[in-house]
Amino acid sequence: MGLQSPAVARVKDQLPGLRSRELFSRWERVEAQCTGYQARVAWDQASGVVVTDVDGNTFLDWTSGVLVTNVGHCHPHLVKAVQAACTRLMNNYECLNEPRVEAAEKLVAILPEHLDKCFFLSTGSEAVEAAIRVMKRKTGRFEIISFHGGFHGRTYAALSAGGLAGPKKGYGPTVPGSIRVPFPYCYRCPFRASPENCDLLCLDYLDDAVRANSTDSLAGVMVEAYLGAAGFIFAPPGWFPRLEQWIRSRGLLFALDEVQSSFGRTGKLFAMEWEGLTPDVVCLGKGIASGIPASAIAARGEVLAALGQGEMSSTMGGNPVSCAAVVAVIEIIQREKLHENALRIGQLMKSRLLQIMETSPYVGDVRGVGLVMGVELVKDKRSREPAPDLTRKLIDVAAQNGLLIGSVGIFGNVIRVAPPLVISEAEAHESLDIFEKSLALL
Ligand SMILES: Cc1ncc(COP(=O)(O)O)c(C=O)c1O
């Protein structure tokens, strides 16, 4: 049953509604059902943080799609820019178009100064593949170090760099030269250490891993700014700077996957700004066009110069419509200071989530910064046994009460708290009220 007259969220009947049920059964007949677990809601339209389904129910959104619609669903400035671009030119492959130049100029202008060149592609996986290609081409070597729990996409080099079994199971050997090492998942530290006194022991392990696995062909390191799909896992302060030092001491290239952590999500335009990291290559996607397919790599010009003419292309990459969207997104984020809103509302939401953790028997951990937080659900707070079944139930109960959430996690037990960055204080409180009450209904 729905909660007492919420301000925005309103679910009339048991989900899925009549029209949704009809759509689901049509869909199941014609498209492969191989996506993850989601609430039984057929989206119709959305604006800002509010989603309306085909039965006219309204929901607050903690998903942003999957951390995509950073500027809010269907932001009018973005819609207008895309509509205008569509009427002029939709695709001209590698040939020059003005929006592409404008998007590149705007992107390079907001990136840290050392990243002075970019290249446009279509998806996050494609950006990761491109970054790996660049590292191999630049160094002439092929081994890539990456991290347990990492997710970089489902294409082959990207999934080989990944550290989650799911995307790899049943697909035979992965790309040779992938060396994976532990990421600091401090809530479940594989070394049974604690961040207060471990002195970042997991980084010392890197030398062991290289000694045991490398054939002296190391090209570089690929790492997410925080582990997204593994459960919104954030490294303790100081870990990334020390990782970067280690990379430099070995003369390797440093690729940072900011496909989901960029464009204001963590409270900075790019997550690398938090600790002043200077990666050689950065992968961008998702929020870059806030709903229109686009991605990019950005790097020092000297690194990208390793690719000669004709060595990188993408049918849809750099198309004028996507590039107009990139331009509009950057304008919106800057004009509305959405990264600052993410930080402010994120603090408010995190402090309430931490209070909820105190009283809920199931919330084992709350972590994150800005508007990307993970709420890890456990069966028992002492044993920390993951609670994936409860997590799926919470997704359904929350939807029934007007809040759309999704799950991630190595064990499928982490709720994603990642609303569009335009969320207001009132919307944040209303969504948290629904979340708290839904938890109590489990
Ligand atoms: C950190 C990270 N890298 C890469 C990807 C792959 O992006 P895409 O699904 O657009 O290929 C994702 C997608 O979730 C991601 O979270």
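Structure: see above.
Given the structure is predicted, the values throughout are model-derived calculations rather than measurements.

Asks: Before we move on, can you summarise the side chain of glutamine 260 with the specific residues and values?
Replies: Take glutamine 260: it is sitting in the loop between β8 (253–258) and β9 (281–284). Only 2.8 Å separates the side chain of glutamine 260 from the side chain of tyrosine 226, close enough to count as a polar contact. With near-sequence residues (within four places) excluded, glutamine 260 lies in contact with Leu67, Tyr226, Gly228, Ala229, Phe232, Arg265 and Lys286.

Asks: Can you lay out the packing of helix α3 (residues 76–88) against helix α10 (residues 320–336) for me, pointing to particular residues and giving the numbers?
Replies: Between α3 and α10, the shortest axis-to-axis distance is 9 Å and the interhelical angle comes to 155°. As the angle between them shows, α3 and α10 are arranged roughly antiparallel. Two packed elements cross with a definite hand, and for α3 against α10 that hand is right-handed. Here α3 contributes His77, Leu78, Ala81, Val82, Ala85 and Cys86 to the contact with α10, which in turn contributes Pro320, Val321, Ala324, Ala325, Ala328, Val329, Glu331, Ile332 and Arg335. Considered class by class, the residues forming the contact of α3 with α10 number 12 nonpolar, 1 polar and 2 charged.

Asks: Outline the sheet that holds strand β2 (residues 50–53), supporting the account with residue identities and numerical values.
Replies: Pairing within the open sheet is mixed, and its 4 strands lie in the order β1-β2-β3-β14. If you trace the sheet from one side to the other, it starts and ends with β1 (43–47) and β14 (403–404), each paired once. Across 4 bridges, the pairing between β1 and β2 is antiparallel. Paired with serine 47 across the strands is valine 50, a residue of β2. Most of the contacts of helix α13 (residues 425–440) go to strand β3 (residues 58–61), to which it runs at about 100°, and overall it touches β2, β3 and β14.

Asks: Tell me what's going on with the site of the ligand, and back it up with residues and numbers.
Replies: Every residue near the ligand is listed here: Thr123, Gly124, Ser125, Phe151, His152, Gly153, Glu224, Asp257, Val259, Gln260 and Lys286. Contacts to the ligand include aspartate 257, whose side-chain N or O atom sits 2.7 Å from a nitrogen atom. Between the ligand and lysine 286, the relevant distance is 2.8 Å, taken from an oxygen atom to a side-chain nitrogen or oxygen of the residue. Alone, the ligand offers 390 Å² of accessible surface; in the complex the protein occludes 79% of this. Classifying every residue of the shell around the ligand by side-chain character gives 2 nonpolar, 6 polar and 3 charged.

Asks: Now, about the packing of aromatic side chains: what can you tell me, with residues and values included?
Replies: All told, the structure shown has 11 aromatic pairs when counted by the stated rule. When the ring of phenylalanine 147 is compared with that of tryptophan 239, the centres are 5.5 Å apart and the planes differ by 70°; the resulting orientation is edge-to-face. Separated by 92 residues along the polypeptide, phenylalanine 147 in strand β5 (residues 143–147) and tryptophan 239 in helix α8 (residues 239–249) bring together distant segments of the chain. The pair phenylalanine 147 / tryptophan 239 is uniform in exposure class, with both members buried. Ring geometry for phenylalanine 263 against phenylalanine 270: centres 5.5 Å apart, planes inclined by 70°, an arrangement best described as edge-to-face. Across the pair, phenylalanine 270 and phenylalanine 263 agree in class, each one buried. Three or more aromatic residues joined by ring pairs form one cluster here, namely Phe147, Phe183, Trp239 and Phe240.

Asks: Run through the state of the cysteines, naming residues and quoting values.
Replies: Tallying each qualifying case throughout the model produces 0 disulfides. Here cysteine 74 stays unpaired: no disulfide links it, and the sulfur of cysteine 86, its closest cysteine neighbor, is 14 Å away.

Asks: How would you explain the pattern of salt bridges if you had to name every residue and give the values?
Replies: Counting across every chain of the model gives 21 salt bridges. In this structure, the salt-bridge partner of arginine 242 is aspartate 204, at a minimum N-O distance of 3.3 Å. With a gap of 38 residues between them, arginine 242 in helix α8 and aspartate 204 in helix α7 (residues 201–213) connect regions that are remote in the sequence. What makes arginine 242 partly exposed here is its relative accessible area of 26%. A salt bridge links glutamate 302 to arginine 300; the nearest nitrogen and oxygen atoms lie 2.4 Å apart. Relative accessible area serves as the criterion here: at 44%, glutamate 302 is assigned to the partly exposed category. The network of salt bridges with common partners includes Lys138, Glu244, Arg248, Asp280, Arg300 and Glu302.

Asks: Which residues make up unusual backbone geometry, and what are the values?
Replies: For the bond from leucine 15 to proline 16, the omega torsion is -10°, close enough to zero to count as cis. As for its position among the elements, proline 16 is in the segment before α1 (18–30). One non-glycine residue, leucine 67, lies in the positive phi region at around 60°. With respect to the element layout, leucine 67 can be found in helix α2 (residues 64–67). Positive phi, normally seen in glycine, also occurs at serine 290, with a value near 45°. Relative to the helices and strands, serine 290 resides in the loop between β9 and β10 (295–299).

Cut-off values and rules
- Residues numbered from 1 in each chain as written.
- Predicted model: local features only at pLDDT ≥ 70, side-chain atom pairs only at ≥ 80, totals over all residues.
- Heavy atoms only, no water.
- Helix = DSSP H or I, 4+ residues; strand = E, 2+ residues; numbered from the N terminus.
- Polar contact = N/O pair within 3.5 Å; in protein donor to acceptor, adjacent residues only side chain to side chain.
- Contact = heavy atoms within 4.5 Å.
- Axes fitted to C-alpha atoms, helices over the stretch in contact; angles between N-to-C directions.
- Parallel < 35°, antiparallel > 145°, perpendicular 65-115°, else oblique.
- Left-handed = near helix turned anticlockwise from the far one by under 90°.
- Nonpolar A, V, L, I, M, F, W, Y, C, P; charged D, E, K, R; others polar.
- Pairing = 2+ DSSP bridges.
- Near = heavy atom within 4 Å.
- Areas by Shrake-Rupley, 256 points an atom, 1.4 Å probe, with all protein chains shown as cover.
- Phe/Tyr/Trp six-rings, centres within 6.5 Å; stacked < 30°, edge-to-face > 60°.
- Buried < 20%, exposed > 50% of the residue type's maximum accessible area, 1.4 Å probe, protein only.
- Disulfide = S-S within 2.5 Å.
- Salt bridge = Lys/Arg side-chain N within 4 Å of Asp/Glu carboxyl O.

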